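Chain and residue survey
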Amino acid sequence: MTARLTRRDAICCGAIGLGATAGGLLCAPAAAGQQETAKPESSFTFCLNTGTIRGFKLSLVEEIDLTAKAGYQGIELWMDNVHRYVESGGSLAEVKKRTADAGLKIEGAIAFPAWGVDDQAQRTKALEQIKRDMELLSKIGGLRIAVPPAGINNRTDIDLRKLAERYRAVLELGKQMGIAAQLEIWGTAKTLGRYSDAVLVAIEADHPDACLLLDVYHIYRSGMGFNGLRLLSGLGMPMLHINDYPADPPRESLTDAHRVFPGDGVAPLDEILRTLYAVGFRGALSLELFNREYWKQTPEWVAKTGLEKMRAAVAKAFAGKS
């Protein structure tokens, strides 16, 4: 029996080429007899998270135009810039047309609602914010939104099973709005800092749209290694924040600003990319950096260099492989 990939499946899990539908966070290899003809390096979408150029304080339209001109296939927006655009009288229909005409997909968006806190009133307010963000994203053709541990990142007393119920509420809202809610980790967070905890929350949510948003820097910063990635399934990871980190300062002292271009640090990117590919990941590699040294250059240089470094890292990981 072959499964038809629906738009909802594509939103939640990416066009994965494994003949599978949405769902599944644990390893799910391709069915017997299925073979892929595409080269690994052509199986990913190269995406720019606009946090990478945030220091230049560009408008939403400028971010879109820069991303397209640099040669990316996708863009991951920050919702505060979308809100500023709307508040200044900008047209959402124009944004949707502009990205489509440029051949860009709005792969995702970044926002910080406190969806996981214990306080019911705060959670209600956060869900209202998420709904507004999802409505805006839907109107511009966006696919996904990040759901990070905002508001609980410094808490150690959050029950992960209760958190799963709260994540499920966000997923249900996303189901109504046609926007996937990606459970994001922050490596310095005391709750949802480790991807092992995020996997537990996502599985306990027991929802077909549950999915993870992992990050190379954040996995390392959390103190976890990368071997556990082989136990996951690409079906539950529509996007990866890709970046690198230096050998110095020590892990515990690293901050977001220490992130560097892929290949310019010591992250085992070859291993990470090959492992993710092996478990079925065919999603977006979204470049997310906050390196203030790069912001001393031009936004064009940052965007173009970032894409070149991403492509080189992928090519190196799969050199000699068909």
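Residues numbered from 1 in each chain as written. Predicted model: local features only at pLDDT ≥ 70, side-chain atom pairs only at ≥ 80, totals over all residues. Heavy atoms only, no water.

Some points on the confidence of the model for the protein chain
Across the protein chain, pLDDT averages 91, with 88% of residues at or above 70. Across residues 15–23 the pLDDT falls below 50, and counting only partners more than four positions away or on other chains, this stretch makes 28 contacts in the model. In the predicted structure, residues 30–34 sits below a pLDDT of 50 and forms 3 contacts with residues beyond four places in sequence or in another chain. (pLDDT = per-residue confidence, 0-100. Contact = heavy atoms within 4.5 Å.)

As for the sheet that holds strand 5 (residues 180–184)
Taken in spatial order, the 8 strands of this open sheet run 3-2-1-8-7-6-5-4, and their pairing is parallel. The outermost strands of the open sheet, each flanked by one partner alone, are strand 3 (105–110) and strand 4 (144–147). Averaged over neighbouring strand pairs, the angle between their axes works out to 30 degrees when direction is ignored. The sheet contact formed by strand 6 (residues 211–215) and strand 7 (residues 239–242) spans 3 bridges and is parallel. Along strand 7, the bridge assignment pairs Leu 213 with Met 239. On the sheet, helix 2 (residues 60–70) packs against strand 1 (45–49) and strand 2 (74–78) and is oriented at approximately 160 degrees with respect to strand 2. Along the sheet, helix 5 (residues 120–140) makes contact with strand 2, strand 3, strand 4 and strand 5, crossing strand 4 at roughly 155 degrees. (Pairing = 2+ DSSP bridges. Helix = DSSP H or I, 4+ residues; strand = E, 2+ residues; numbered from the N terminus. Axes fitted to C-alpha atoms, helices over the stretch in contact; angles between N-to-C directions.)

Quick look at the nonpolar core
Tyr 167, Leu 212, Leu 214 and Leu 285 are the most contacted members of the largest nonpolar core, which has 100 residues in total. Setting aside chain neighbours within four positions, we find Leu 214 in contact with Ile 185, Tyr 195, Ile 219, Leu 229, Leu 232, Met 237, Met 239, Leu 240 and His 241. (Core = buried A, V, L, I, M, F, W, Y, C linked by side-chain atoms within 4.5 Å. Buried < 20%, exposed > 50% of the residue type's maximum accessible area, 1.4 Å probe, protein only.)

Here we look at the pattern of salt bridges
This structure, assessed with the given rule, holds 17 salt bridges. The salt bridge partner of Glu 288 is Arg 259, with a shortest N-O separation of 3.0 Å. With Glu 288 in the loop between strand 8 (284–287) and helix 10 (299–317) and Arg 259 in the loop between strand 7 and helix 9 (269–278), this residue pair connects regions lying 29 residues apart in the sequence. Arg 259 shares its class with Glu 288; the two are buried. One continuous salt-bridge network, built from bridges that share partners, spans Asp 118, Arg 155, Asp 157 and Arg 166. (Salt bridge = Lys/Arg side-chain N within 4 Å of Asp/Glu carboxyl O.)

Concerning the packing of aromatic side chains
Evaluation of the coordinates by the stated rule reveals 12 aromatic pairs. Both rings, one in Tyr 220 and one in Tyr 245, keep their centres 3.9 Å apart while their planes meet at 5 degrees; by these two values the pair is stacked. Of this pair, Tyr 220 sits in helix 8 (residues 216–221) while Tyr 245 sits in the loop between strand 7 and helix 9, placing them 25 residues apart in sequence. Overall, the relative accessible area of 22% leaves Tyr 220 in the partly exposed class. When the centroid spacing of 5.4 Å and the interplanar angle of 65 degrees are considered together, the rings of Tyr 277 and Phe 318 count as edge-to-face. Of the two residues, Tyr 277 sits in helix 9 while Phe 318 sits in the segment after helix 10, which places them 41 residues apart along the sequence. On the basis of relative accessible area, Tyr 277 is assigned to the buried category, the value being 15%. (Phe/Tyr/Trp six-rings, centres within 6.5 Å; stacked < 30°, edge-to-face > 60°.)

Things to note about the packing of helix 2 against helix 3 (residues 79–87)
Helix 3 packs onto helix 2 with a crossing angle of 125 degrees between their chain directions and a minimal axis gap of 9 Å. Classified by the interaxial angle, the pair formed by helix 2 and helix 3 is oblique. Here helix 2 contributes Leu 60, Val 61 and Glu 63 to the contact with helix 3, which in turn contributes Asn 81, Val 82 and Tyr 85. (Parallel < 35°, antiparallel > 145°, perpendicular 65-115°, else oblique.)

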